[in-house]
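What the coordinates show
Each chain is listed here by its residues.
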Amino acid sequence: MFKRISALLITGATVLAMAGCSGGSDDTANSGGGSGDKKIVMGFAQVGAESGWRTANTKSIQESAKEAGITLKFSDAQQKQENQIKAIRSYIQQKVDVIAFSPVVESGWDTVLQEAKAAKIPVVLTDRAVDSKDTSLYRTFLGSDFVEEGKKAGQWLVDQYKDSKDPVNIVQLEGTTGSAPANDRKSGFEQVISADPKFKVIASQSGNFTRAEGKQVMEAFLKSNPKIDVLWAHNDDMGLGAIEAIEGAGKVPGKDIKIITADATHDGMQALADGKINFIVECNPLMGPQLMDLAKKVVAGETVPQRVVTDETTFTQEQAKEVLPSRKY
Ligand code: GYE
């Protein structure tokens, strides 16, 4: 017993030291009294703090861990895969009961996932997927259907322009290169708009899911493309950054350039209600309670579904005005 505690303390110190160089970590550890019922320990490797969505997601995970009586070890990878891999390795060393993480990109996880499997620590993917062929490397994947989200964005556009024959020039702000939501939202959108050749994506570039980069890339789009009809931004934050760029160029967001985004965070919904965004595809970050539930089942050795899809909707400007006061993120 004492040996186990001191081993934990030592590895805990190593992790804190490591986290110091990789962007921070905090243990929301419950003191638990040191004996009695054994609390589940979860190591969670978060992507970063790049967007309003991510902030809400982190809060949901931290709060629901507390509510579920799960000890959470949390690290922020600052959008860098190598930091996430380091965090996962440290959770393996600490022999946590379950590892959960939201993979910043889809590829390159097989080695570390095999290490977790060899250590018999179950892994739950949350929010974003990996492209590993071997699905036994993780127990379940909880998150949205990003292809479906892209399709919803495309469908709104098709409906908007159904009576027009003129070309529609679209620019796209993509999420983090190589991430599941960027890959899938792009592909879902293209699948729908490609049915009609009047829709043309004239420029497409990553804004890394942040406001600052969304603004920067939109400024460049505006300089090199005199006629932009529509912006499809893979998240609200990039859309909000782009709005600043559009206003800076003397154009009216939502009118001169129609804007579609994904997430439906509070700031995004406010801009939608104000008429600066035209349509938002919801992506729900409040997956903490479901995650804790799955973690408990997985640790107890219960069977869980391989895939748990989050329920989501879409919002027009009118709908945003109605629901804004009751939104939780
Ligand atoms: O849309 C974006 C965030 O993975 C679904 O990541 C998530 C995305 C979300 O940075 O705002």
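By the naming in an unreviewed UniProt entry, the protein is ABC transporter substrate-binding protein, taken from Microbispora oryzae. Its UniProt record gives the protein a comment under Subcellular location (unreviewed entry), which states: "Cell envelope".

1. A word on unusual backbone geometry
Positioned with a positive phi, Gln-79 is a non-glycine residue whose angle comes to about 60°. Relative to the elements of secondary structure, Gln-79 occurs in the loop between strand E3 (71-76) and helix H3 (81-93).

2. A few points about the packing of aromatic side chains
For the structure shown, the criterion picks out five aromatic pairs. Centroid distance Tyr-161 to Phe-199: 6.3 Å. Interplanar angle 85°. Geometry classified as edge-to-face. Linking Tyr-161 in the loop between helix H5 (146-160) and strand E7 (168-174) with Phe-199 in strand E8 (residues 199-206), this pair joins segments that are 38 residues apart in sequence. Accessibility expressed as a relative area gives 8% for Phe-199, which makes it buried.

3. Focus on helix H2 (residues 52-68)
With 17 residues, H2 should reach 24 Å at 1.5 Å per residue; the first-to-last C-alpha distance of 24 Å fits that figure. Buried within H2 we find Trp-53, Arg-54, Ala-56, Asn-57, Thr-58, Ser-60, Ile-61, Ser-64 and Ala-65. Within two residues after H2, Gly-69 carries a phi angle of roughly 70°, on the positive side.

4. As for the pattern of salt bridges
Side chains that differ in charge, positive against negative, can pair when their charged atoms come close. A complete count under the given rule lists 19 salt bridges for this structure. Across the salt bridge formed by Lys-59 and Glu-63, the nearest N and O atoms sit 3.7 Å from each other. Of this pair, Lys-59 and Glu-63 both sit in helix H2, separated by four residues, roughly a single helical turn. Where Asp-196 meets Lys-198, a salt bridge forms, and the shortest distance between an N and an O atom there is 3.5 Å. Residue class for Asp-196 comes out partly exposed when judged on its relative accessible area of 28%. Shared partners join several salt bridges into a network, and the residues in it are Glu-50, Arg-54, Asp-127 and Arg-128.

5. Notes on the pairing of strand E2 (residues 41-46)
Burial of E2 is extensive: five of the six residues sit out of reach of the surface. Both E2 and E3 contribute to a ladder of six bridges, which runs parallel. Paired with Phe-44 across the strands is Phe-74, a residue of E3. A crossover links E2 with its parallel partner E3, the connecting element being H2, and its sense is right-handed.

6. Quick word on the confidence of the model for the protein
With 89% of its residues at a pLDDT of 70 or more, the protein shows a mean pLDDT of 91. Within the protein, strand E9 (residues 230-233) carries the highest mean pLDDT (99), whereas helix H1 (residues 2-22) carries the lowest (38). Under a pLDDT of 50 for its full length, residues 1-25 has, in the predicted model, 24 contacts with residues more than four places off or in other chains. Counted against residues more than four places away or in other chains, residues 28-36, with its pLDDT under 50, gives 10 contacts.

7. Points about the layout of surface pockets
In this structure, the second largest pocket spans a volume of roughly 190 Å³. In terms of lining, the second largest pocket is formed by Ala-56, Lys-59, Ser-60, Glu-63, Ser-64, Glu-67, Leu-286, Pro-289, Lys-328 and Tyr-329. Among the elements that take part in the lining of the second largest pocket, H2 stands out by supplying six residues, more than any other. A breakdown of the residues in the lining of the second largest pocket according to their chemical character gives four nonpolar, two polar and four charged.

8. Overview of the side chain of Asn-169
Along the chain, the position of Asn-169 falls in strand E7. Residue Asn-169 is classed as buried on the basis of its relative accessible area of 14%. Residues in contact with Asn-169, not counting those within four places in the same chain, are Lys-200, Ile-202, Lys-227, Ile-228, Asp-229 and Val-230.

9. Some points on the environment of Glu-82
Counting through the fold element by element, Glu-82 comes out in helix H3. Residue classification places Glu-82 among the exposed positions, given a relative accessible area of 52%. Through-space distance from the C-alpha of Glu-82 to that of Val-104 is 9.9 Å; in sequence the pair is 22 residues apart.

10. Observations regarding the pairing of E7
Burial analysis of E7 places seven of its seven residues in the buried class, the great majority of the element. Neither face of E7 is exposed, since Val-168, Ile-170, Gln-172 and Glu-174 on one face and Asn-169, Val-171 and Leu-173 on the opposite face are all buried. Of the pairings in the sheet, the one linking E7 to E8 comprises seven bridges and is parallel in character. Across the sheet, the residue bridging to Asn-169 is Lys-200, located in E8. Handedness of the E7-helix H6 (residues 180-193)-E8 crossover: right-handed.

11. Section: the site of the ligand
Around the ligand sit 13 residues in total, of which Glu-50, Asp-127, Arg-128, Asn-235 and Asp-263 are the nearest. Here Asp-263 contributes a side-chain N or O atom positioned 2.6 Å from an oxygen atom of the ligand. Relative to its free-state accessible area of 300 Å², the ligand is covered by the protein chains to the extent of 100%. Of all the elements in the fold, those that place two or more residues in the shell around the ligand are H2 and H6. Tallied by class, the residues present in the shell around the ligand amount to five nonpolar, two polar and six charged. Domain assignment of the residues forming the shell around the ligand places at least three in each of domain 1 (2-144 + 285-311) and domain 2 (146-283).

What counts, and at which threshold
Residues numbered from 1 in each chain as written. Predicted model: local features only at pLDDT ≥ 70, side-chain atom pairs only at ≥ 80, totals over all residues. Heavy atoms only, no water. UniProt positions renumbered as here; feature names shortened; annotations may be inferred. Helix = DSSP H or I, 4+ residues; strand = E, 2+ residues; numbered from the N terminus. Phe/Tyr/Trp six-rings, centres within 6.5 Å; stacked < 30°, edge-to-face > 60°. Buried < 20%, exposed > 50% of the residue type's maximum accessible area, 1.4 Å probe, protein only. Expected span 1.5 Å × (residues − 1). Salt bridge = Lys/Arg side-chain N within 4 Å of Asp/Glu carboxyl O. Pairing = 2+ DSSP bridges. Right-handed = clockwise from strand over helix to strand, strands pointing away. pLDDT = per-residue confidence, 0-100. Contact = heavy atoms within 4.5 Å. 1 Å grid on protein atoms, 1.4 Å probe; cavity = no way out; pocket = protein on both sides within 12 Å on 5 of 7 lines; lining within 4 Å. Points joined across faces, edges and corners; volume = space filled by probe spheres on them. Nonpolar A, V, L, I, M, F, W, Y, C, P; charged D, E, K, R; others polar. Near = heavy atom within 4 Å. Polar contact = N/O pair within 3.5 Å; in protein donor to acceptor, adjacent residues only side chain to side chain. Areas by Shrake-Rupley, 256 points an atom, 1.4 Å probe, with all protein chains shown as cover. Domains from an automatic or database assignment.

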